[in-house]
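Next come the chains, spelled out residue by residue.
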Amino acid sequence: MSDSSLDPTVDPAAEPVVDPEVLAHVREIWSEVLGVACPPDGTFFALGGHSLAAFWIVARVEQDYGVSVDPAGLFEDPDVRRFAAQVAERLRARPAGGSGATPGPDA
């Protein structure tokens, strides 16, 4: 993941461009874990997020997408759009043809 804080041409306040399908699914994960509807501009803490919920969200992202994200990201930047952008970035960064998921015992 690139660190936009080091690039003076990147506006950290700018809304990230996110794949709409990834954003919709991440919002669904947040809604299920937090027990409330997650609006497109939802923030983790405003929706009732806490440390255990952060780990549940990360586990669901790993289960559904096969990519790892750092739960600390939810505390550092708790915006659902930015979190979905992190997930999408991880999806783009994984090797071509690989799901990134760990094969199960039947593999």
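Residues numbered from 1 in each chain as written. Predicted model: local features only at pLDDT ≥ 70, side-chain atom pairs only at ≥ 80, totals over all residues. Heavy atoms only, no water.

K.L.:
Now, about the overall build of the chain: what can you tell me, with residues and values included?
P.N.:
The secondary structure content of the chain amounts to 4 helices and 0 strands. When the elements of the chain are put in sequence order from the N terminus, they spell out α-α-α-α. Out of the 107 residues belonging to the chain, those deemed buried represent 34%. Of all intrachain contacts in the chain linking residues separated by at least 6 positions in sequence, the fraction that spans at least 24 positions is 60%. (Helix = DSSP H or I, 4+ residues; strand = E, 2+ residues; numbered from the N terminus. Buried < 20%, exposed > 50% of the residue type's maximum accessible area, 1.4 Å probe, protein only. Contact = heavy atoms within 4.5 Å.)

K.L.:
Quick rundown of the nonpolar core? Include the residues and the values.
P.N.:
Counting residues in each nonpolar core, the largest one holds 26 residues, and the members touching the most others are Val-22, Val-26, Trp-30, Phe-44, Val-61, Phe-83 and Val-87. Taken together, the elements giving at least two residues each to this core come down to α1 (20–34), α2 (51–65) and α4 (80–93). Of all the elements, α4 adds the most residues to this core, at 7 residues. Non-local contacts of Val-26, meaning those with residues more than four positions away in its chain, are made with Val-80, Phe-83, Ala-84 and Val-87. (Core = buried A, V, L, I, M, F, W, Y, C linked by side-chain atoms within 4.5 Å.)

K.L.:
Hey, could you go over α2 for me, with residue numbers and the actual values?
P.N.:
Taking 1.5 Å as the rise per residue, α2 with 15 residues should run 21 Å; its terminal C-alpha atoms sit 21 Å apart, in good agreement. Looking at α2, one finds that the buried residues are Ala-53, Ala-54, Ile-57, Val-58, Arg-60, Val-61 and Tyr-65. Around the axis of α2, the buried residues are gathered within 160 degrees of arc, so they sit on the same side. Positive phi appears at Gly-66, one or two residues downstream of α2, with a value of about 75 degrees. (Expected span 1.5 Å × (residues − 1). Arc of directions from axis to C-beta.)

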